[in-house]
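Structural overview
As a plain string of letters, each chain reads:
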Amino acid sequence: MKLINIGFGSLIAASRLLAVVTPESAPIKRLIQEARDRGMLIDASYGHKTKTVILMDTDHVILSALSPETISARWTGKQEEEVEEET
């Protein structure tokens, strides 16, 4: 099982990951609030600004302080230097 580092020592199972999105849109903000109300929200940002919302197939919603590009690169296996060059 491949694990993805989502920052601050937190890891998630790559096989359970559905989507990596930014938290700015209203539908994603509603999704975060609904997950919080259901007890399915995991805040892995450790007090930092949330840059990424990760949706899991277990219906959990995870907040991360890493950028979506960084998490995507870790998911696909690219080196972080390659991602920085592309942006």
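Look up: the structure comes first, before these words.
Attention in this report is confined to the structure presented alongside it. (Residues numbered from 1 in each chain as written. Predicted model: local features only at pLDDT ≥ 70, side-chain atom pairs only at ≥ 80, totals over all residues. Heavy atoms only, no water.)

1. Overview of a nonpolar patch on the surface
- A cluster of nonpolar residues, Met1, Leu3 and Leu11, forms a patch on the protein surface that exposes about 380 Å² of accessible area.
- Looking at where Leu3 falls in the secondary structure, it is placed in strand S1 (residues 3–7). (Patch = residues over 30% accessible without salt bridge, like charges linked within 9 Å, V, L, I, M, F, W, Y side chains within 5 Å. Areas by Shrake-Rupley, 256 points an atom, 1.4 Å probe, with all protein chains shown as cover. Salt bridge = Lys/Arg side-chain N within 4 Å of Asp/Glu carboxyl O. Helix = DSSP H or I, 4+ residues; strand = E, 2+ residues; numbered from the N terminus.)

2. Examining the sheet that holds strand S6 (residues 61–64)
- Reading across from one edge, S3-S5-S6-S4 is the order of the four strands in this open sheet, with mixed pairing throughout. Only two strands of the sheet have a single neighbouring strand rather than two, namely strand S3 (17–21) and strand S4 (41–43). The average angle at which neighbouring strand axes cross in this sheet is 20 degrees, direction not considered.
- Two strands pair when backbone bridges link them, and S4 and S6 are joined in this way by three bridges, in the parallel orientation. (Pairing = 2+ DSSP bridges. Axes fitted to C-alpha atoms, helices over the stretch in contact; angles between N-to-C directions.)

3. Some points on the pattern of salt bridges
- In this structure the tally under the stated criterion is two salt bridges.
- When the shortest N-O distance is used, the salt bridge between Arg38 and Asp59 registers 3.3 Å. Of this pair, Arg38 sits in helix H1 (residues 26–38) while Asp59 sits in the loop between strand S5 (52–56) and S6, placing them 21 residues apart in sequence.

4. A few points about unusual backbone geometry
- We note that Phe8 has phi near 55 degrees; this positive angle belongs to a residue other than glycine.
- Inspection of the secondary structure assignment puts Phe8 in the loop between S1 and strand S2 (10–13).
- Its relative accessible area of 47% is what places Phe8 among the partly exposed residues.
- The backbone of Tyr46 sits at a positive phi, close to 50 degrees, despite the residue not being glycine. (Buried < 20%, exposed > 50% of the residue type's maximum accessible area, 1.4 Å probe, protein only.)

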